[in-house]
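Geometric and topological summary
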Amino acid sequence: MKKPSDILVTDPIHPVATELLTKAGFNVVELPEAMRPRLAEFIGPYEALICRTSTTIDKQVFAEAKNLKCIALASTGYDRIDINEATEHNVAVLGLP
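Residues numbered from 1 in each chain as written. Predicted model: local features only at pLDDT ≥ 70, side-chain atom pairs only at ≥ 80, totals over all residues. Heavy atoms only, no water.

1. Side note on the pairing of strand β1 (residues 6-9)
Residues Asp6 and Leu8 point to one face of β1 and Ile7 and Val9 to the other, with burial holding for every one of them. Bridge count between β1 and strand β2 (residues 27-30): four bridges; the pairing is parallel. In the strand pairing of β2, Leu8 is matched with Val29. For the handedness criterion, the β-α-β arrangement of β1, helix α1 (residues 15-23) and β2 is classed as right-handed. Two elements, β1 and strand β3 (residues 48-51), share three bridges in a ladder whose sense is parallel. Paired with Ile7 across the bridge in β3 is Ala48. (Buried < 20%, exposed > 50% of the residue type's maximum accessible area, 1.4 Å probe, protein only. Helix = DSSP H or I, 4+ residues; strand = E, 2+ residues; numbered from the N terminus. Pairing = 2+ DSSP bridges. Right-handed = clockwise from strand over helix to strand, strands pointing away.)

Given below as structure tokens:
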């Protein structure tokens with residue numbers, strides 16, 4: 001049996017979203033706001049990241065994101081995500097239209 005995917009949430013999302021992800025079998029971990037600047041230290045084991053515009057995902061974060069497959073941006077605009085690094089690391093970036 002495959003282990004459930006681990007999802008790191010770095011910005012507040014609706015509690016129902018967290019509940020639905022957990023019920024679907026995902027392990028959801030919410031990173032406290034004070035730890036957000038140290039994201040690169042924590043990203044390693046996570047396969048997915050849910051964020052908003054308060055989280056910066058730069059080259060340093062991608063260098064440590066060995067398991068990351070997907071970033072879900074729960075807002076519009078990609079200005080805080082290094083899209084070139086995401087492409088280089090084969091990480092899909094999903095956002096709101």
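What follows continues from the structure just given.
2. Regarding the sheet that holds strand β5 (residues 92-95)
Sheets are built from strands paired through backbone hydrogen bonds, the pairs being either parallel or antiparallel. Strand order in the open sheet made by the five strands is β2-β1-β3-β4-β5, with parallel pairing throughout. Each end of this open sheet is capped by a strand with a single partner; those strands are β2 and β5. Shown here is a sheet whose adjacent strand axes are inclined to one another by a mean of 20°, direction ignored. Judged from the four bridges that link them, strand β4 (residues 70-73) and β5 form a sheet pairing that is parallel. Among the inter-strand pairings, Cys70 is bridged to a residue of β5, identified as Ala92. The sheet strands contacting α1 are β1, β2 and β3, and the helix crosses β2 at an angle near 150°. (Axes fitted to C-alpha atoms, helices over the stretch in contact; angles between N-to-C directions. Contact = heavy atoms within 4.5 Å.)

3. Digging into unusual backbone geometry
Of note, the phi angle at Asn90 is positive, near 55°, even though the residue is not glycine. Mapped onto the elements, Asn90 comes out in the loop between α4 (83-88) and β5.

4. Quick look at the pattern of salt bridges
In the structure shown here, the tally under the stated rule is four salt bridges. Here Arg36 ties to Asp11 by a salt bridge, and the two come within 3.4 Å at their closest N and O atoms. Here Arg36, found in the loop between β2 and α2 (39-42), pairs with Asp11, found in the loop between β1 and α1; they are 25 residues apart in sequence, far enough to count as distant. Each member of the pair, Arg36 as well as Asp11, is classed as buried. Between Glu19 and Lys23 there is a salt bridge, with the nearest N and O atoms lying 3.1 Å from each other. (Salt bridge = Lys/Arg side-chain N within 4 Å of Asp/Glu carboxyl O.)

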